[in-house]
Every structure is written in structure tokens, then in C-alpha cells.
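# Observations on the three-dimensional arrangement
Spelled out from the first residue to the last, the chains are:
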Amino acid sequence: MSDLFKFKVSALNTKTILLEWSIEPTDLLLEHIIKFKSLIEKDTEIQQCIVGYKSILIELKNTIHSLFYWEEHFKKKQKKIKNTIIERNHWKIPVCYDLKYAPDLLNVSKEKNLDTGKVIKLHSDARYRVNFLGFLPGFLYLSGLDSRLYLKRKKKPLLNIPKGAVAIGGKQTGIYPNISPGGWHLIGNTPVNLFNPKKNPPCFAKPGDWISFEQIDSHTYSKIESEQQNGNYQLNKYD
Amino acid sequence: MIEILQTGIHTSIQDIGRHHFKNFGVPVSGALDQSACLIANSLLNNSPKAAVLECCIKGPKLKFHDNYYICITGAEMNARLNDEILKNYKPYFVKKEDVLSFGIAKLGCRTYLGISGGIETEKVLGSRSQYQNITSSDKIIKNTIIPIGKSNFKPVVGTRVKEQKINYTKINIEVYEGPEFKFLEKEQRKLIQKKIFHISSLNNRMAYQLKEKFAHNLPQIWTSPVIPGTVQCTPDGSMIILMRDSQVTGGYPRLLQLTESSIQLISQKTTNNKIRFKILPKII
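As the structure is a prediction and not an experimental result, all values here were calculated from the model. (Residues numbered from 1 in each chain as written. Chains lettered and ligands numbered in written order. Predicted model: local features only at pLDDT ≥ 70, side-chain atom pairs only at ≥ 80, totals over all residues.)

## Quick look at the pairing of strand S5 (residues 90-96) of chain A
Residue and element names in this part refer to chain A.
- By the criterion of burial, S5 is predominantly enclosed, with five of the seven residues buried.
- As paired strands, S5 and strand S13 (residues 210-216) are joined by seven bridges and run parallel to one another. The residue of S13 that forms the bridge with Pro94 is Glu214.
- As judged from the two bridges shared by S5 and strand S14 (residues 236-237), these two strands associate in the antiparallel manner. When the sheet's bridge partners are listed, Trp91 is paired in S14 with Lys237. (Buried ≥ 20, exposed ≤ 12 C-beta atoms within 10 Å, placed from the backbone. Helix = DSSP H or I, 4+ residues; strand = E, 2+ residues; numbered from the N terminus. Pairing = 2+ DSSP bridges.)

As C-alpha cells, this is what we get:
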């Protein structure tokens with residue numbers, strides 16, 4: 001039996017169940033978790049599911065009467081997961097890597113012994129996978145950062161990271177959807193709004209989607225920024 | 001409508017919370033003491049989903065622009081309507097131009113003000129609960145007007161509600177073992193239940209940090225979902241109890257999980273208050 005089919009079931013409280021996999025996160029596990037989630041969310045007794053790298057949290061509408069019942073239930077459901085390939089969106093996120101938007105770019109270049117052009121190229125050539133959303137409304141947990149850009153977080157977090165900042169921290173890269181504290185290295189900024197509470201859904205990206213960063217100049221940055229304010233900006237997708 | 005004359009320390013509009021957008025990283029929010037919020041609404045015959053004011057440590061001063069019924073629940077906060085002292089857990093009739101003021105919390109630290117008809121600010125993502133970057137502000141603002149819904153509530157003459165006596169000084173906090181609890185050494189599992197912890201000054205709607213450190217050798221985990229009441233432990237041993245404005249995922253080991261009523265109890269506690277964790281049998 002594949003390791004994908006081995007998961008642990010525990011109760012977090014009287015209405016919440018956690019499914020956890022012991023294998024390391026991979027694209028295969030991500031696909032499995034996303035399909036698993038959408039399958040069990042159809043159940044009328046289930047309020048919603050929230051995913052992590054290798055876990056699914058399940059909120060029930062009623063109190064757990066038997067955890068064993070639910071374990072059996074989920075195992076039965078899991079067998080129904082199909083091997084079909086689901087079409088995912090691949091979003092093109094414009095990023096300006098100019099120094100005025102990238103206060104830590106020179107430092108990253110020095111630390112990694114790569115010239116700034118190479119840092120930008122490595123960052124914008126890659127294709128990243130949205131694993132899930134968390135930390136802040138609209139914050140995407142992305143996998144796929146080139147290992148040549150891995151860089152320990154700052155010792156002292158910054159209190160006010162600007163909205164739209166594109167950053168590297170550890171083995172991850174991400175976009176700060178709003179002003180927030182954080183310890184990652186800022187290498188660019190996107191004019192694209194990642195979270196809009198007035199819209200439903202409030203974020204365009206979903207777990208399983210792909211994103212790439214596309215380098216733009218500061219003129220294009222301003223243009224997109226104003227288009228977005230007027231509500232006539234359309235984010236591009238790859239075909 | 002009600003007018004905010006003074007805001008108090010941290011007064012915010014809260015309801016049962018924003019439950020359906022956690023997948024977008026949106027915290028659940030909502031009244032920290034859900035039970036006090038629910039009672040305020042039910043005594044006014046409001047919907048359980050109606051929004052109330054959550055007052056923390058020191059409450060606001062408000063002027064009513066119409067006639068309403070109000071009900072105060074949760075912590076004692078020396079509420080006065082004009083000059084009259086008000087009791088908690090009792091509906092009162094208020095008239096246009098009346099002024100309601102709160103003092104400093106005596107027992108507990110969060111007080112709820114329910115108003116017949118409920119607060120009717122705009123719903124964002126299904127809730128009126130204030131949270132930074134989702135609603136326009138994370139707390140009420142001085143000299144602003146808050147809209148109130150319609151209600152034909154009238155208390156039934158002759159009926160009376162028994163005054164609620166909730167013991168907020170209770171130090172035992174009931175918890176379940178968290179997902180990473182099993183990785184603790186045997187001695188640590190005992191210690192976590194014996195030790196008296198104190199709430200540090202870092203306590204707010206997002207999280208309550210404890211003063212005492214809890215040394216452990218647990219590794220960081222792959223970022224995984226967390227919920228209100230999850231107790232995380234950082235690599236330096238800081239214990240953090242997540243509250244309703246917390247993020248929806250976290251990477252620190254989750255040692256304990258507070259029950260719903262423990263979350264309510266702890267939300268009535270503040271800096272320097274003592275707590276002790278009491279672990280309940282596993283749910284099977």
C-alpha cells in the first residue's frame with residue numbers, strides 16, 4: 001500500500017479531527033490532500049477542512065461520538081480518490097526587483113555570492129506551487145524555491161514589512177499581502193493585490209495552483225497599481 | 001444608532017466570528033467569551049449571530065440616538081446609565097440621549113454590551129467582527145456612529161433572569177493533549193500539569209503568552225492548521241495560547257488544546273493571573 005494511504009487520526013477537541021501523514025511533503029501528497037479535502041467537504045456533517053503541508057484539519061458540525069467511526073469513514077472515502085489530473089491555474093505575478101522595492105536584494109546577493117541579476121533570474125525562472133494559505137489573510141505557502149536562494153531568516157524581524165513585498169526566508173519564498181512584521185529578506189514588490197475582503201473569493205489563488213514571478217520595471221509597476229485602483233486590472237495566466 | 005464618546009482601552013465589534021474563510025488565511029475572530037456574548041443576545045431576544053461590543057479592561061462611553069434595550073454580560077465593569085448603576089445579566093431600557101459609561105473591569109476583564117436589534121455594521125466575509133485589514137478598523141473609533149438593527153423586544157413583565165455568578169478566578173484550565181504532546185518526555189508531561197503558569201503582559205485577542213518558559217527538545221513541525229485554544233511552544237520554551245484572532249496555521253509544536261469553556265475562562269484573565277493546565281482524557 002502506498003504511503004499516501006497511511007495517515008493518523010486524532011481529535012483536537014470535541015468537534016475537530018486532525019489527519020496527519022508522516023511522509024515528507026511532495027507534489028504527490030499535495031494533490032492527494034487537495035482531492036481528499038474536496039471529497040470529504042461534501043459530507044453534510046462536515047463544516048470545513050483546513051490543510052497544512054501534510055495534514056488536514058476537519059471541523060465537524062456536531063460533537064464526535066466515536067473517533068473510530070470517523071477513521072473508518074475517512075479510510076472508505078480515501079479509496080474513492082481518483083487519479084485524474086486536475087487542471088490548475090498558473091498565475092503570472094508581476095514583480096519589480098528595483099532596489100527601491102528590494103531593500104535586501106544587495107545583501108542577499110552578497111550572502112549567496114550571486115550577482116543581483118542572477119538572484120532575480122533564479123527567482124523569476126522558477127514555477128512555484130501553492131500548498132495552502134495561512135499566516136496572514138491571502139498569504140500563500142509556496143514550494144519550489146531554487147536551493148541556491150535558500151537563506152536563513154533575519155535574526156531580528158522587521159516590524160513593518162510593506163504590502164506586496166516579495167521575500168525569501170529559509171527554503172521558502174512568499175508575498176506579504178499586507179503590512180506585517182516578518183523576518184524574511186525583501187527582494188522585490190508586486191503591485192498585485194493578493195487579498196481583497198470585498199470579493200468572494202477574497203484571493204485568486206487556490207491550493208494546487210502554480211505561480212511564477214515576472215520581472216517588471218517601476219513604470220509598469222505604477223501602471224498596474226493605478227489600473228488595480230480603478231478596478232480594471234486583470235491578472236495574467238499562462239495557457 | 002449609538003455614538004462613541006470615548007472608546008475605552010480596546011473596544012471592538014464582535015459576533016460569532018468569520019468561519020468560512022480559514023482556507024484563505026482569515027482568522028475566525030468573534031467574541032473571545034462566546035458564552036457571555038450569546039447570553040447578552042439571548043436576554044434581548046436577538047439572533048445568536050447578532051454583533052455586540054466587546055470591552056476590554058476599561059470600557060467606552062456611549063450616547064444612544066434612539067430608544068433600545070441593552071444587556072451587559074461578562075466581567076463587572078462598573079456600568080452606569082447616566083447616574084444609575086447597572087447590573088450585569090439584566091435587560092435595561094435606554095432612551096434617546098442617554099449616556100452609558102463603563103469603568104475598569106473588577107472581576108474578569110472582558111465585558112459584552114448587547115443592544116436590542118444588534119449592531120448592524122457592514123458584514124465582511126460573513127461577519128461583523130472587527131479585524132485589521134478585513135474590516136476598516138480593528139476597534140471602535142471615537143466620535144463615530146454605529147448603526148443598530150430593528151427589534152420589537154420587550155421584556156416579559158414579572159420574569160426575571162437569575163444573576164450569573166461565574167467564577168473567573170478559577171485557575172484550572174481544562175485542556176486536551178495537543179498533536180505533539182506525545183513527543184514530550186514522561187517527566188515533562190507530568191510537569192506541564194503541575195506547574196503554575198502566569199499570564200504575561202503579551203495578551204490580546206490574537207494570543208496569550210505565558211511568563212514561565214517550558215523547556216523541551218521538540219523539533220519545529222511542518223506548518224499545520226491551528227485553532228483558537230491551541231497552545232504552541234516556541235524553540236526557546238515560550239508557551240503561547242492562541243485566541244480567536246490568531247493565524248490559521250502554525251509551525252511550532254502544539255502541546256495542548258483548550259476546551260471551548262477554557263477559552264472563555266482565559267479570555268476573562270489578564271496579566272499576572274495564575275493558571276494551571278488540567279489534562280482531560282483523550283477523545284476516542
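Picking up where we left off.
## Looking at the sheet that holds strand S4 (residues 61-64) of chain B
All names here are of chain B.
- Spatially, the six strands line up as an open sheet ordered S7-S6-S9-S4-S1-S11, and their pairing is antiparallel. Among the strands making up the open sheet, the edge pair consists of strand S7 (84-85) and strand S11 (145-146).
- Relative to S11, strand S1 (residues 2-6) runs antiparallel, the two sharing two bridges. When the bridges of S11 are listed, Glu3 appears paired with Ile145.

## Overview of the domain arrangement of chain A
Residue and element names in this part refer to chain A.
- Under the domain assignment, chain A is made up of domain 1 (3-78) and domain 2 (90-237).
- Just the C-alpha atoms count here: the centres of domain 1 and domain 2 sit 30 Å apart.
- On the domain 2 side, the residues contacting the six residues of domain 1 number five residues.
- If you tally residues by element for the side of domain 1 that touches domain 2, the top one is helix H1 (residues 27-40), at three residues. (Domains from an automatic or database assignment. Contact = placed C-beta atoms within 7 Å.)

## Things to note about the interface of chain A and chain B
- Residue-level contacts link 31 residues of chain A with 25 residues of chain B.
- Every element with two or more residues in the side of chain A that touches chain B is listed here: strand S1 (7-13), strand S2 (16-21), strand S3 (46-51) and strand S4 (55-60) of chain A.
- For the side of chain A that touches chain B, the leading source of residues is S1(A), giving four residues.
- Across the side of chain A that touches chain B, the residue classes break down as 19 nonpolar, 10 polar and two charged. (Nonpolar A, V, L, I, M, F, W, Y, C, P; charged D, E, K, R; others polar.)

## Thoughts on the environment of A:Tyr221
Residue and element names in this part refer to chain A.
- In this structure, Tyr221 sits in helix H5 (residues 218-229).
- When the C-alpha positions of Tyr221 and Val95 are compared, they lie 7.7 Å apart, and in sequence the two are 126 residues distant.
- Each residue touching Tyr221, except ones within four places of it in the same chain, is listed here: Cys96, Pro191 and Ile216.

## Side note on the nonpolar core
- Ranked by internal contacts, the top residues of the largest apolar core, which has 134 residues, are A:Ile187, B:Ala40, B:Val52 and B:Tyr112.
- Per element, the largest residue contribution to this core is six residues, and it comes from helix H1 (residues 34-43) of chain B.
- When residues no more than four places from it in sequence are discounted, the contact partners of B:Ala40 are B:Val52, B:Cys71, B:Thr73, B:Tyr112 and B:Gly114. (Core = buried A, V, L, I, M, F, W, Y, C linked by C-beta atoms within 7 Å.)

## Considerations on the sheet that holds strand S13 (residues 197-203) of chain B
Residue and element names in this part refer to chain B.
- In spatial order, the strands read S12-S19-S16-S17-S14-S13-S20; together these seven strands close into a barrel with mixed pairing. Neighbour to neighbour, the strand axes of the sheet diverge by 40 degrees on average, direction disregarded.
- The pairing of strand S16 (residues 230-233) with strand S17 (residues 238-242) spans three bridges and is antiparallel. Its bridge partner being in S17, Gln232 is matched across the sheet by Ile240. (Axes fitted to C-alpha atoms, helices over the stretch in contact; angles between N-to-C directions.)

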